[in-house]
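# Tertiary structure, described
If you want the building blocks of each chain, they are given just below.
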Amino acid sequence: MATSDRQARTPALAHALSAAERGLAVIPLSRRKLPALRSPHRADPAHPPCHGECGRFGHGVHDASADPARVRALFAAAPWATGYGIACGLPPHQLIGVDLDTKPGTDSPAALRALAVRHGFTIPETVVVLTPSGGRHLWLTGPPDVAVPNSASRLAPGIDIRGAGGYLVGPGSRGTRGTYTTAPGTARLGPAPCPSALLDLLLPPPPRPARAPSAAGGAALVHFVRIAHEGERNARLFWAACRAYEQGMGPTLTPHLLDAALETGLPEPEARATLASAARRAGDGA
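## As for the overall build of the protein chain
The helix and strand tally for the protein chain stands at eight helices and 12 strands. Seen through its C-alpha atoms, the protein chain measures out along the principal axes to roughly 75 × 50 × 35 Å. Put simply, the protein chain has 286 residues, and 44% of those count as buried. For the protein chain, restricting intrachain contacts to residue pairs at least 6 apart in sequence, the fraction spanning at least 24 positions comes to 68%. Surface accessibility of the protein chain: about 15,100 Å² in total, with carbon and sulfur atoms responsible for 56%. Across the protein chain, the centroid of the 29 positively charged side chains sits 6 Å from that of the 21 negatively charged ones.

As structure tokens, then:
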């Protein structure tokens, strides 16, 4: 429900202030569901990473606040905002958003129910926000010492998770396809605690123990892969694997190259396929 504050000059600000009253940190959003304020560093691509330390607005979810004065200042800087985002992973709620999307060929609510049966948890009564496209956002809370990462379709097709560093579009926001609304009967509720079995599914697996290759040349190839940036990870992995086979240590070094590739964020199936291609090229694999 939107706040009755007479100083709220737009519906988006009124709804954002209402959320802030509940301890939820918010930012203004455009009709495209993106942060309404652009980065103050956009003209300087070489500027060091900044999460708002410069004191200016325009750092996305890092601008989020539950302080009414700051919320008003954010919306005053973005009078065109038609909605607001609620930052996840922040105290006091440590909000976790389960986004049940609507995509062709998927049934995300059914997939979530199947996960609940398989892993022995129950979806609690909680805040549910209906999206203009027919999807649903379930609001849950997490422990204060646990950072749930954002993910897209990792649990199941059509189930996205909004965690630390992410945000949910708040009810009352207007986007290009319509207005976000609270599902009947859930506006009176607060976010329910995330079931422990579901929380386990949302957290990444523990890191693999490091395995050091025996040869100095092998260590250099592993390091070459480990420092790869997005967009060059596959190419670096393939090159390093080919060099490893040329030097007669392909089979020995492959597990270490795989570990290094996974550390960069390369998906395991993709990494294994790249290593298999290098092995075939060297004539040592099928």
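## Things to note about the sheet that holds strand β2 (residues 83-87)
What the three strands build is an open sheet, ordered β1-β2-β8; its pairing is antiparallel. The sheet is open, and its two edges are formed by β1 (26-29) and β8 (167-169), each paired on a single side. Neighbour-to-neighbour, the strand axes of this sheet turn through a mean angle of 35°, independent of strand direction. Pairing of β2 with β8 involves three bridges; the strand directions are antiparallel. When the bridges of β8 are listed, I86 appears paired with L168. Against the sheet, helix α1 (residues 11-21) makes contact with β1 and β2, and its axis sits at roughly 20° relative to β2, the strand it touches most. Against the sheet, helix α2 (residues 68-77) makes contact with β1 and β2, and its axis sits at roughly 15° relative to β1, the strand it touches most.

The rules we used
- Residues numbered from 1 in each chain as written.
- Predicted model: local features only at pLDDT ≥ 70, side-chain atom pairs only at ≥ 80, totals over all residues.
- Heavy atoms only, no water.
- Helix = DSSP H or I, 4+ residues; strand = E, 2+ residues; numbered from the N terminus.
- Buried < 20%, exposed > 50% of the residue type's maximum accessible area, 1.4 Å probe, protein only.
- Contact = heavy atoms within 4.5 Å.
- Areas by Shrake-Rupley, 256 points an atom, 1.4 Å probe, with all protein chains shown as cover.
- Lys, Arg positive; Asp, Glu negative; His and termini not counted.
- Charge placed at Lys NZ, Arg CZ, Asp CG, Glu CD.
- Pairing = 2+ DSSP bridges.
- Axes fitted to C-alpha atoms, helices over the stretch in contact; angles between N-to-C directions.

Spatial relationships are all this shows, so hold off on functional conclusions.
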